[in-house]
Structures are given as structure tokens and as C-alpha cells.
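A structural walkthrough
Given next are the chains, with one letter for each unit.
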Amino acid sequence: MTYALNIILVKVSENAVTAYGLYYKIQQFVLFAAFGLRDAITPVVSFNHGMRSKKRVKEGIKYGIIYTIIIMTVFVSCAGGIRICTYSS
């Protein structure tokens, strides 16, 4: 997918390919943080499920979702600023 998009963007300009490449790397960094959070929450939920503690399972899932939403919200707000700066110049 990235290769195909690069072929399309190179027809527009090389700056577009560079901007897409930078955005893609930043996006991957943030997604890896969210994936890491998911992987960290999994054993917490699993252990509590094994203890048959539905309350703690729900809390683990709730806090995992909240923290992931916070990470993604910060990224989206930062990406919006980067996009505005890129288009204004």
C-alpha cells in the first residue's frame, strides 16, 4: 500500500512523498504505543478473569480503553497541528 501511494504521490511532487513518509513514521510510533498498552492490559484482564472477578475485568478493560483514547487524542491533536503547518507554507 505504501509503495503504491508513493508511486501516486511522486507524480504530484517529491515533497508529497516525503511528507507522507514522515507522517507514516509518526503514525506507526503512536500506534505501537497503543499496541503496547493493549499488550500490557491483556495479562491484567486475564489474571482477573481467572480469579472470576468480573468487576476487575471490567475495570481493566475500561482503563485500557481510556488510556488508549488519551494517547490517540493527543496524536490526532498533534497531527492536526502538523498538517496545518504543512499546508500553510
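The notes below deal with the structure included here. Keep in mind it's a predicted model, so treat the numbers as computed, not measured.

Conventions we followed
- Residues numbered from 1 in each chain as written.
- Predicted model: local features only at pLDDT ≥ 70, side-chain atom pairs only at ≥ 80, totals over all residues.
- Heavy atoms only, no water.
- Helix = DSSP H or I, 4+ residues; strand = E, 2+ residues; numbered from the N terminus.
- Buried < 20%, exposed > 50% of the residue type's maximum accessible area, 1.4 Å probe, protein only.
- Contact = heavy atoms within 4.5 Å.
- Areas by Shrake-Rupley, 256 points an atom, 1.4 Å probe, with all protein chains shown as cover.
- Axes fitted to C-alpha atoms, helices over the stretch in contact; angles between N-to-C directions.
- Nonpolar A, V, L, I, M, F, W, Y, C, P; charged D, E, K, R; others polar.

Overview of the overall build of the protein chain
Counting its regular elements, the protein chain contains three helices and zero strands. Mapped from its N terminus to its C terminus, the protein chain presents α and β elements in the order α-α-α. Per-residue burial over the protein chain gives 15% buried out of 89 residues. Sequence-distant contacts, at least 24 apart, represent 48% of the contacts inside the protein chain between residues at least 6 apart. Carbon and sulfur atoms make up 69% of the accessible area of the protein chain, which amounts to about 7200 Å² in all.

Remarks on unusual backbone geometry
The phi dihedral of R52 is positive, around 60 degrees, even though this residue is not glycine. Counting through the fold element by element, R52 comes out in the loop between α2 (14–50) and α3 (54–88). For R52, a relative accessible area of 76% translates into the label exposed.

Concerning the packing of helix α1 (residues 2–12) against α2
Running from N to C, α1 and α2 point in directions that differ by 145 degrees, and their axes come no closer than 8 Å. Within the contact between the two elements, α1 uses T2, L5, N6, L9, V10 and V12 and α2 uses A16, V17, Y20 and Y24. Of the residues contributing to the contact of α1 with α2, the split by class is eight nonpolar, two polar and no charged.

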